[in-house]
Amino acid sequence: MTTSPVSGEQPSQEETGRAQALKRAVEAAYQGTPADHSSPTVQDPIGKPQDPEVEHGVLLLRAVGVASAEVVAHRHTWEWLAARAADHDHFRTPPAVEELPDGRIRTTVSGHSLIALLIVLWETRSDSALGADWALSSTVYQRAATALTSLTGQGHTIRIILDDGQAEGEADENGHDGRGPVSWSR
């Protein structure tokens, strides 16, 4: 969320203060309480943080509480995601990737791995020029964000679906009807 100093350099007091204020703002937004005056964000009238870093931090905290997230995507998209996240300390390769029709796959990642994916996608979309990496990372990040902000309680597996080609009203092999990129299963 913040840049780290060059190896061996100590962060300045200003950087440390900013990082601490950001953490307080994220925790306050996650808990739904007003942020203190030293917060780097301003709350809008409905209480949603306007600072993208705060929103990102809240998503990371929400991902911590997820036991597992099902991902449905084309095999090439999954391979791109896994390759991006492979070097992240918190990413674990799922034990199984199920083949679906038309080159799609279904796999399940832990909340821990979801955190890594969110971080890698955040960095990729921020650092990439307007092109394929930006488009992929922005879309997958937004789908995961939608799933995480829609959480209403415990006991649900979130589904991140990267397949907009299914016609509305058409059910797939699992009965999912294509009315949006994110659905829930029990």
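Residues numbered from 1 in each chain as written. Predicted model: local features only at pLDDT ≥ 70, side-chain atom pairs only at ≥ 80, totals over all residues. Heavy atoms only, no water.

## Comments concerning unusual backbone geometry
For D102, which is not glycine, the phi dihedral falls at a positive 65°. On the secondary structure map, D102 appears in the loop between β2 (97–99) and β3 (104–110). (Helix = DSSP H or I, 4+ residues; strand = E, 2+ residues; numbered from the N terminus.)

## A word on the packing of helix α4 (residues 111–127) against helix α5 (residues 132–149)
With their axes 8 Å apart at the nearest point, α4 and α5 run at an angle of 140° to one another. Between α4 and α5, the angle is such that the two are oblique. Of the two possible hands of crossing, α4 and α5 adopt the one that is left-handed. For the pair α4 and α5, contact is made by L114, L118, L121, W122, T124 and R125 and by D133, W134, S137, S138, V140, Y141, A144 and L148, respectively. A per-class count over the contact of α4 with α5 returns nine nonpolar, three polar and two charged. (Axes fitted to C-alpha atoms, helices over the stretch in contact; angles between N-to-C directions. Parallel < 35°, antiparallel > 145°, perpendicular 65-115°, else oblique. Left-handed = near helix turned anticlockwise from the far one by under 90°. Contact = heavy atoms within 4.5 Å. Nonpolar A, V, L, I, M, F, W, Y, C, P; charged D, E, K, R; others polar.)

## Quick look at the confidence of the model for the protein chain
Predicted confidence across the protein chain gives a mean pLDDT of 78, with 74% of residues reaching 70 or more. The low-confidence segment residues 167–171 (pLDDT under 50) makes eleven contacts with residues lying over four places distant or belonging to another chain. Confidence drops under a pLDDT of 50 for residues 175–186, and excluding neighbours within four residues, the segment shows 37 contacts in the predicted structure. (pLDDT = per-residue confidence, 0-100.)

## Describing the pairing of β3
A large share of β3 lies buried, amounting to five of its seven residues. Bridge count between strand β1 (residues 68–74) and β3: seven bridges; the pairing is antiparallel. Within β3, the residue paired with A73 across the bridge is I105. Linking β2 back to β3 in an antiparallel pair, the connection comprises four residues, with D102 at a positive phi of about 65°. (Buried < 20%, exposed > 50% of the residue type's maximum accessible area, 1.4 Å probe, protein only. Pairing = 2+ DSSP bridges.)

## With respect to the nonpolar core
With 33 residues, the main nonpolar core has W78, L81, F91, L114, L118, L148 and I158 as its most contacted residues. If you list the elements that add at least two residues to this core, you get α2 (52–64), β1, α3 (75–85), β3, α4, α5 and β4 (157–161). Residues within four places of F91 in sequence aside, it is in contact with W78, A82, A85, A86, S113, A116 and L117. Among the nonpolar cores identified, the runner-up in size contains six residues, and V26, A29, V54 and V58 belong to it. (Core = buried A, V, L, I, M, F, W, Y, C linked by side-chain atoms within 4.5 Å.)

## So, the side chain of T124
With respect to the helices and strands, the residue T124 is situated in helix α4. Overall, the relative accessible area of 8% leaves T124 in the buried class. Ignoring anything within four residues of it in the chain, the contact list for T124 reads W80, R84, D133 and S137.

## Let's talk about the pairing of β4
Most of β4 is tucked away: four of the five residues are buried. Two elements, β1 and β4, share four bridges in a ladder whose sense is parallel. The residue bridging V71 from the neighbouring strand is I160, located in β4.

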